[in-house]
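Overview (structure and organization)
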Amino acid sequence: MKKILLLLISIAMIVPVFSQSMPASDLIGTSAGDVELCFIGHGSLMFKVKDFIIHIDPVKSSGSYDKLPKADLILVTHEHYDHLDTELINELRKKETIMLCNANSASKVSWAQAVKAGDLKTVNNITVETIPAYNIANERSKGQPFHPKGIGNGYIITIGDKKFYVAGDTENTPEMKALKGIDIAFLPMNLPYTMNPAMVADAAKAFRPKVLYPYHFGDTDTGEIVRLLKGTDIEVRIRKLN
């Protein structure tokens, strides 16, 4: 009896540790099947469509990848250390893995394919459209934006009848505000590098995604974006992605 009790205590101690190593997730229904959105942390996401795995800006500092599957498709928005982790990318790579990224990131990963704003790629019936990501107001120094125009990418990922927009590090640019038909949007919300809640609300009210996930938000008060979009038809979902 004592041995059984000790065994049960050991299991109870192990199970929470395992469950805590897995990121929180949501399911989004599409005509191609459910898409599982995994919130790894910071700017790192994983989409799972049946057995097809998309890793977006995979970086070890964002969270644990120990229990996560390898990638069929990797999307990298830009080359900053919190978005590009070449060591992890090589660990997530399979023989057939495809990586799409901006040119600066492609220069660091020999097998990656560079894409730029306006490019359209189709992988396993999933379409990836590249959208520019850049700063308008926030600068490192006078005339030096944190993310200059023409370097970073955002991506619209079309899976079945749903469009998922992962914006990358950007502000509320004219290109973003002109988007149409976005179902799910991930918009960054941390100063001084990307947007404050008012800028996120301005963009969301312009292109009106059905669901908005603020991400890459650090210590920003996520309650503010909820308040700013209250009364609109945009559903704001806050997940642990600091």
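Up top is the structure these notes are about.
Bear in mind the structure is a predicted one, so any value in this text is a computation, not a measurement.

**As for the packing of aromatic side chains**
Taken as a whole and assessed by the stated rule, the structure comprises 7 aromatic pairs. Arranged with centres 6.3 Å apart and planes meeting at 45°, the rings of phenylalanine 39 and phenylalanine 186 form a pair that is tilted. One end of the pair, phenylalanine 39, is in strand 2 (residues 35–41); the other, phenylalanine 186, is in strand 14 (residues 184–188), with 147 residues separating them in the sequence. As far as burial versus exposure is concerned, phenylalanine 39 and phenylalanine 186 are alike and both buried.

**Some thoughts on the pairing of strand 15 (residues 211–215)**
The element strand 15 is extensively covered by neighbouring structure, given that 5 of its 5 residues are classed as buried. For strand 15 and strand 16 (residues 235–236), the ladder comprises 2 bridges, and the chain directions are parallel. Note on strand 16: the bridge partner recorded for valine 211 is glutamate 235.

**Examining the nonpolar core**
Membership of the largest hydrophobic core comes to 51 residues, with the highest contact counts inside it found for Leu37, Phe47, Ile157, Tyr165, Phe186, Leu187 and Leu212. Residue contributions to this core peak at 6 residues, all from helix 5 (residues 197–207). Non-local contacts of phenylalanine 186, meaning those with residues more than four positions away in its chain, are made with Leu37, Phe39, Leu45, Phe47, Tyr165, Val166, Ala167, Tyr213, Tyr215 and Leu241. If you look at the next biggest cluster of nonpolar residues, it comprises 19 residues, including Ile40, Leu84, Leu92 and Ala112.

**Section: the sheet that holds strand 4 (residues 52–56)**
The strand order across the open sheet formed by 7 strands is 1-2-3-4-5-6-7, and the pairing between neighbours is mixed. Whereas interior strands pair on both sides, the edge strands pair on one side only; in this sheet they are strand 1 (24–28) and strand 7 (113–114). Of the strand pairs in this sheet, strand 1 and strand 2 are connected by 5 bridges, and their pairing is antiparallel. Bridging from a neighbouring strand, leucine 27 pairs with glutamate 36 of strand 2.

Conventions and cut-offs
- Numbering of residues begins from 1 in every chain and follows the order in which that chain's sequence is written.
- Per-residue local features are limited, in this predicted model, to residues with pLDDT of at least 70; the limit for side-chain atom pairs, both in listing and counting, is 80 or more; totals at the level of whole chains, interfaces and linings are taken over all residues.
- No hydrogens and no water enter the side-chain calculation; it runs on all heavy atoms of the structure.
- Only the six-membered ring of Trp is used, alongside the rings of Phe and Tyr, when aromatic pairs are assigned; centres must lie within 6.5 Å, and planes under 30 degrees apart are stacked while those over 60 apart are edge-to-face, with the rest tilted.
- In this text, helices come from DSSP runs of H or I with a minimum length of four residues, and strands from runs of E with a minimum of two, each type numbered from the N-terminal end.
- Think of it in three bands: residues with accessible area under 20% of the maximum for their type are buried, residues over 50% are exposed, and the middle band is partly exposed, with areas taken using a 1.4 Å probe on protein chains only.
- By this definition, two strands are paired if DSSP reports at least two bridges between them.
- Among buried residues, those of type Ala, Val, Leu, Ile, Met, Phe, Trp, Tyr and Cys that are joined through side-chain atoms within 4.5 Å constitute a nonpolar core.
- By definition in these notes, contact holds between two residues if any of their heavy atoms fall within 4.5 Å.

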